[in-house]
Amino acid sequence: RAAATVAAETAIAPRSPAPTRESTQDTGASAALYQHRCAACHESGDAAIPSRAQIAARPRSWVIEKLMLGSMQSQALGLSESEITQLASYLARDP
């Protein structure tokens, strides 16, 4: 095998940085926001409402669009753009 292939196969993937206190607080705030604003419907088991798992399979941009411009605008009323972004990051996959 080529040396580059061997090197690529044996390379150690970089570790993710440890969560910072700030990122942990953001996650906690986002979790609380989700529980307060979203969980009652998205964890209800109602087949007409996407479950949290279904939302998690979507890109973050989809969640932001739904909250800012789409069907979830009224539920997002009063949230700052930062809170919407944090909530979307908490719920959905990147990007």
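Residues numbered from 1 in each chain as written. Predicted model: local features only at pLDDT ≥ 70, side-chain atom pairs only at ≥ 80, totals over all residues. Heavy atoms only, no water.

S.K.: Can you help me understand the overall build of the protein in this one?
M.R.: Within the protein, the regular secondary structure consists of seven helices and zero strands. Counting over 95 residues, the protein shows a buried share of 18%. Considering only contacts within the protein whose residues lie at least 6 apart along the sequence, 64% involve residues at least 24 apart. Total accessible area on the protein is roughly 6900 Å²; 56% of this is exposed by carbon and sulfur atoms. (Helix = DSSP H or I, 4+ residues; strand = E, 2+ residues; numbered from the N terminus. Buried < 20%, exposed > 50% of the residue type's maximum accessible area, 1.4 Å probe, protein only. Contact = heavy atoms within 4.5 Å. Areas by Shrake-Rupley, 256 points an atom, 1.4 Å probe, with all protein chains shown as cover.)

S.K.: I would appreciate a short explanation of the packing of aromatic side chains in the present structure.
M.R.: We describe a pair of aromatic rings using the distance from one ring centre to the other and the angle between the two ring planes. Scanning the entire structure with this criterion turns up one aromatic pair. Aromatic side chains Y34 and Y90 sit 6.2 Å apart centroid to centroid with 50 degrees between the ring planes, which places their arrangement in the tilted category. Linking Y34 in helix 2 (residues 21-37) with Y90 in helix 7 (residues 81-91), this pair joins segments that are 56 residues apart in sequence. Among the residues examined, Y90 registers a relative accessible area of 24% and is labelled partly exposed. (Phe/Tyr/Trp six-rings, centres within 6.5 Å; stacked < 30°, edge-to-face > 60°.)

S.K.: Which parts of the structure should I look at to understand the confidence of the model for the protein?
M.R.: Any residue range with low pLDDT should be treated as having predicted coordinates unsuitable for detailed reading. With 72% of its residues at a pLDDT of at least 70, the protein reaches an overall mean of 81. Of the regions scoring below 50 in pLDDT, residues 5-11 engages in two contacts with residues more than four places distant in sequence or in other chains. For residues 13-24, every residue scores under 50 in pLDDT, and the model assigns this stretch one contact once sequence neighbours within four places are set aside. (pLDDT = per-residue confidence, 0-100.)

S.K.: Looking at this structure, how should I read helix 7?
M.R.: Note: α-helices contain 3.6 residues per turn, so residues at a spacing of three or four share the same orientation. For helix 7, the full list of buried residues reads I84, L87, A88 and L91. On an axial view of helix 7, the arc spanned by its buried residues comes to 100 degrees, and they lie on one face. (Arc of directions from axis to C-beta.)

S.K.: Would you mind showing me how to read helix 5 (residues 60-68) here?
M.R.: Buried residues of helix 5: V63, I64 and L67, and no others. One face of helix 5 carries all of its buried residues, which in axial projection span an arc of 100 degrees. As for helix 5, its buried residues are in contact with helix 4 (52-56), helix 6 (73-76) and helix 7.

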